[in-house]
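Now for the letters of each chain:
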Amino acid sequence: MVSWPQKRKSTPKRSWFPLPSWLLVVLAATATAGIYGYYRYQAMDLSARAIADQWSRAENIQEHLSQYLQDAVQLDETAAALVPQHQGQSPPVETLITGLLKSSPQNIYGVGVWYEPYHFSPHQQYYGLYAHRTDHGGMAITHRWAAKSYGFTDQNWYREAKQGRGRVVFVGPYLDHDWTYITAARVFYNHSGQVQGVVSVDLIRPDLARVLSQLQEPSYERVYLTTAQGKLLAYPQAQALLQYLHQRGVKTNHLTSVSVRHLQSFQRTTGLPATFTVTTSVPLTGWVVHLEADRAQLFQNIYGLRSSLAVFVVVMWLAVFLRILVAHHLQTSASEAQNRMSAIEESQAALRIGQQRLQSKNEVLLELTKLLDPAQKDLKTLLESISQQAASALGVDRLGVWRFNEDRTVLECLNLCKQGHHSHGLVLLVEAYPAYFQALEEFRIIDAAHPWTDPRTACLAGAYLQPLGITAFLGAPVHLRGQTAGIVCYEQVGTEREWTDEEQQFAASIADLIALGIEAVERNQVEAQLVQYAFYDSLTGLPNHIFFLDHLNQYLRQQHPEQPQLFSLLYIGLDRFESVRHSFGHLIAQQLLVEVVTRLKSCFQGDYLLARINTDEFALLLEGVKVLEEADQTAKQIHQVLSEPFNLGSYEVFTTISIGLVHSDVNYSQADEFLQAADMAMHRVKALRTGSYLVFDSTMRAQALERFELHTSLRRALERGELQVHYQPMVSLEDRQVLGAEALVRWPHGQQGYLSPSIFIPIAEETGLIALLGEWVLRQACQQLLVWHQVHPQPLLISVNVSALQLGQADFLGQIDRILAQTGVDPAYLKLEVTEGTVMENPDWAVEKLKQIKSRGIQLSIDDFGTGYSSLSYLRAFPFDMLKIDRSFVCCLDQEPESREIVRTIVSLAHNLGMQVVAEGIETLSQANYLQSIGCGLGQGYFFSPPLDWAAMGTFLTRQGFAQPVLQSISRPLGG
């Protein structure tokens, strides 16, 4: 408000202007008529020049597109002239089309040469080669077998060409899904005059869109391309148009499915100004170029002229009327004139303030759009930033962003900005406020200046508005994927407030901005989740097999050929993991894997990549090592870290690992070759049962192939019943009477003779075949024991070895029950032998499992005692009936006094624990006598008898006083 100085009142004076008022009016009217005529003349001239300029721009664009078509035809003619004339064989055209593509203008997308079939493709309708440009400026060649109806064979001009010789050229549009081509095609013939094929060149829609964008010289122009029927072919803002259509429920990703009507709706919705449009057709194609220009910009000279003249006329008439008013109202006080001037200035000031507010809100929107980063993944941070600035721009006390839950029963507050502080968690039940939620679907803006009485928001008064003191409410619904997904609420506390049009428009823009942000965040989250599923292990969070191979291949490609970096690959496999899973279940097994990964990560430094390759196998890439021996130190450290027991729930689990190493000095170039080599070395360690690590060498590949073939042969032998069970007698050392036998599996290999169990048993354990093999041996031994019991008055004892994998099977006890029931064998004469290492892997679990076996009346024996690291406290807890001394101690009794003391200690320990003792591997009389002298009750070995087949065992038992020879074979194949 401008304050004018007060003037004293003056007496009326005689008019200083000599003309009367009526003459002033006549002169002003005459001047107005003249000015209007001048304006009409100038406006017509400026309008004609603007329209002529627009037509010139449209013709210029049409000439550019026509020039592209002429380039295509010219290149097509060049290609047809250079195609070699061949018949009966595949023409050598790859070099030809590559050269054509190199020499073609940059607007040409691709060159194709297509052949009709002769002798080289009798079973195909069409054969072609196609070359196209790449992003790197080169070209790529694609071989393509086309279907019967593909290409040009169904075109009239092509059929006419096959009826006679002549120059046939086709230039026109070709639509294929979301691709739009301008195609130029030329038929060519062989030396006999037969149609041999077609040469074609293509322009594609992205190139057209780019050309159209380049031709938009003034910023207020928009150029797009349609068919004659009004279908959209190229549009510079195609992505925004398709997104708009998706929000309106039009499900299409193809621009050619969009009509001009859709485009006009898009322009109106996005607030594009009124336009002046010029159209012109493109020769040869039937397509139409649309050139749109902003009317305000195009006719700005006319508008400027009209504004200037209008101002002049208004000022002139104001002067006349002021002169009349001054003449007739000299008595009007100066204060009244002063008030009028002040009111004018106040209006101008208010207008300026409104413009400043509008400009500030536009600046806020511009700043907020910068927050919509395509890589945005944090919705909470995004909403807090938008809410903070939007609340400040509108000057509201509270701003809340709300969204429906999945079943649209609850409206949840994602972010509430109150005086700079943010919170969330408030909810509104949809069924409790039907009028409010109905208004969300019907109104673009809910501008409630009196929300307690407004019918749209009155239902919220008692539960929401009044308790919070909200006196003015402005709500803008948020639309996602064509439906109302939530609302942005602007709330004034304490004072009433009317919402202006610019504030309502600003609120709607913020809602649209938040919708875009939510869509971007959700899209990024889905993409990140898909990447996580595709390239990472869900249990451990480690990269998976695919990620590891891709990373290693990239690392290999980055290696400098003259100075490559040293690296090592470690393949880490858990030993007897299947036994842990069968024994404790999947949950404990998964916990074990997670703990193993945690310990592994503590062993590495520098650049490395750890990945989970298989269920119980991991790969470790050590990049840029200084010396290859660093990998050996890492392997040792891993062994040390994983040797400690794992406390998983109420269980204490031990595990060992096998590691295969491969270094960068091997002659490999692919990631899968390195991984396969390390895998071979790891499985070699497993076969050796050393629980250590091994560096890959070239001989391992041949050994791995041999082991694979041996595993296949073993499975077939088991299925065909080619394996045999031999029996080694178990003799009383006191009276040399046969008390039982140990069942031992033998494999008479067709090409290699009898294979040692030390060769094929580790393979069976490694591949899991030991479970089937062990069940088969147990069944055969029980059936043979039943035969012996039927022919001899004194029952014998049969001893069968059980592997760790068998013992860990969930149905192992069920297998024993079924075999005993089917054979009718008394369980008191069955003894199961378990190795020391098997029970010491998981002692607590093993005790419970062995007690369940013992409860069936079956005897238990601990095999190979003294070769492991048994704890005496655990040994006392095991329900063993017998202890077997390993042959490695027995064989040295005649030469090493230390062995005698060890054996004596073992025998004494067994007696103290109430167990019988059996010694295996007895080969001399002195060994048998010594073992008898220290209290060892039973023995077996070659001194008494080697393992015998069923017939030889029958003869042996007869010589030992059995009633008659046992000559009945009960050997059957797997499942027999």
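Residues numbered from 1 in each chain as written. Predicted model: local features only at pLDDT ≥ 70, side-chain atom pairs only at ≥ 80, totals over all residues. Heavy atoms only, no water.

A.B. asks: Even after reading the chapter, I still don't get the sheet that holds strand β18 (residues 568-574), so can you show me in this structure?
C.D. replies: Neighbouring strands of a sheet are bound in pairs by backbone hydrogen bonds; such pairs are parallel or else antiparallel. With respect to topology, five strands assemble into an open sheet ordered β19-β20-β18-β23-β24, the strand pairing being mixed. Each of the sheet's edge strands pairs with one partner strand only, and the pair in question is β19 (608-614) and β24 (693-695). If you compare each strand with its neighbour and ignore which way they point, the axes differ by 20° on average. When β18 meets strand β20 (residues 617-622), the two strands line up antiparallel, connected through six bridges. Among the inter-strand pairings, tyrosine 571 is bridged to a residue of β20, identified as alanine 619. Across the face of the sheet, helix α18 (residues 671-688) comes into contact with β18, β19, β20, β23 (657-663) and β24 while running at roughly 145° to β23. (Pairing = 2+ DSSP bridges. Helix = DSSP H or I, 4+ residues; strand = E, 2+ residues; numbered from the N terminus. Axes fitted to C-alpha atoms, helices over the stretch in contact; angles between N-to-C directions. Contact = heavy atoms within 4.5 Å.)

A.B. asks: Just checking my understanding: could you explain the packing of aromatic side chains for this structure?
C.D. replies: What describes a pair of aromatic rings is the distance from one ring centre to the other and the angle between the planes of the rings. With the rule as written, the count across this model stands at 15 aromatic pairs. A centroid spacing of 6.3 Å and a plane angle of 75° characterise the contact between tyrosine 436 and phenylalanine 473, whose relative ring orientation is edge-to-face. Of the two residues, tyrosine 436 sits in helix α11 (residues 434-442) while phenylalanine 473 sits in strand β16 (residues 470-480), which places them 37 residues apart along the sequence. The buried category is assigned to tyrosine 436, whose relative accessible area is 1%. A centroid spacing of 5.1 Å and a plane angle of 75° characterise the contact between phenylalanine 943 and phenylalanine 944, whose relative ring orientation is edge-to-face. Overall, phenylalanine 944 belongs to the buried group, its relative accessible area being 17%. One aromatic cluster is present, formed by Tyr555, Phe567, Tyr668, Phe674 and Phe696 through successive ring pairs. (Phe/Tyr/Trp six-rings, centres within 6.5 Å; stacked < 30°, edge-to-face > 60°. Buried < 20%, exposed > 50% of the residue type's maximum accessible area, 1.4 Å probe, protein only.)

A.B. asks: What am I meant to see in the pattern of salt bridges here?
C.D. replies: Two side chains that carry opposite charge are able to pair once their charged atoms sit near each other. Scanning the entire structure with this criterion turns up 20 salt bridges. Its salt-bridge partner being glutamate 441, residue arginine 408 comes within 3.4 Å of it at the nearest N-O pair. Taken together, the residues span a long stretch of sequence, with arginine 408 in the loop between β11 (398-404) and β12 (410-418) and glutamate 441 in helix α11 at a distance of 33 residues. Note on arginine 408: relative accessible area 29%, which makes it partly exposed. Of the charged contacts in the structure, one is a salt bridge between arginine 612 and aspartate 537, with a shortest N-O distance of 3.0 Å. Of the two residues, arginine 612 sits in strand β19 while aspartate 537 sits in the loop between α13 (501-535) and α14 (545-557), which places them 75 residues apart along the sequence. Taken as a pair, arginine 612 and aspartate 537 share a single burial class, namely buried. Put simply, Glu742, Lys831, Glu833 and Lys884 are held in one network by salt bridges that share partners. (Salt bridge = Lys/Arg side-chain N within 4 Å of Asp/Glu carboxyl O.)

A.B. asks: Sorry if this is basic, but what is going on with the confidence of the model for the protein here?
C.D. replies: Low pLDDT marks regions whose predicted coordinates should not be analysed in detail. On average, residues of the protein score 77 in pLDDT, and 69% of them reach the 70 mark or higher. Ranking the helices and strands of the protein by mean pLDDT puts strand β33 (residues 938-940) first, with 95, and strand β3 (residues 139-146) last, with 52. Taken together, the stretch residues 144-150 has pLDDT below 50 and engages in 14 contacts with residues farther than four places along the chain or on a different chain. In the model, residues 963-976 has pLDDT below 50 throughout and makes 40 contacts with residues more than four positions away in sequence or in other chains. (pLDDT = per-residue confidence, 0-100.)

A.B. asks: Even after reading the chapter, I still don't get a nonpolar patch on the surface, so can you show me in this structure?
C.D. replies: A cluster of nonpolar side chains, contributed by Val526, Leu530 and Tyr533, occupies part of the molecular surface with about 340 Å² of accessible area. Turning to its location among the elements, tyrosine 533 is positioned in helix α13. Owing to a relative accessible area of 57%, tyrosine 533 belongs among the exposed residues under this scheme. (Patch = residues over 30% accessible without salt bridge, like charges linked within 9 Å, V, L, I, M, F, W, Y side chains within 5 Å. Areas by Shrake-Rupley, 256 points an atom, 1.4 Å probe, with all protein chains shown as cover.)

A.B. asks: Please explain the pairing of strand β29 (residues 830-835) as it appears in this structure.
C.D. replies: Looking along a regular strand, one sees side chains alternate from face to face of the sheet. The element β29 is extensively covered by neighbouring structure, given that five of its six residues are classed as buried. When strand β28 (residues 797-802) meets β29, the two strands line up parallel, connected through five bridges. When the bridges of β29 are listed, valine 802 appears paired with valine 834. The pairing of β29 with strand β30 (residues 859-865) spans five bridges and is classified as parallel. Bridge assignment links threonine 835 to a residue of β30, and that residue is aspartate 863.

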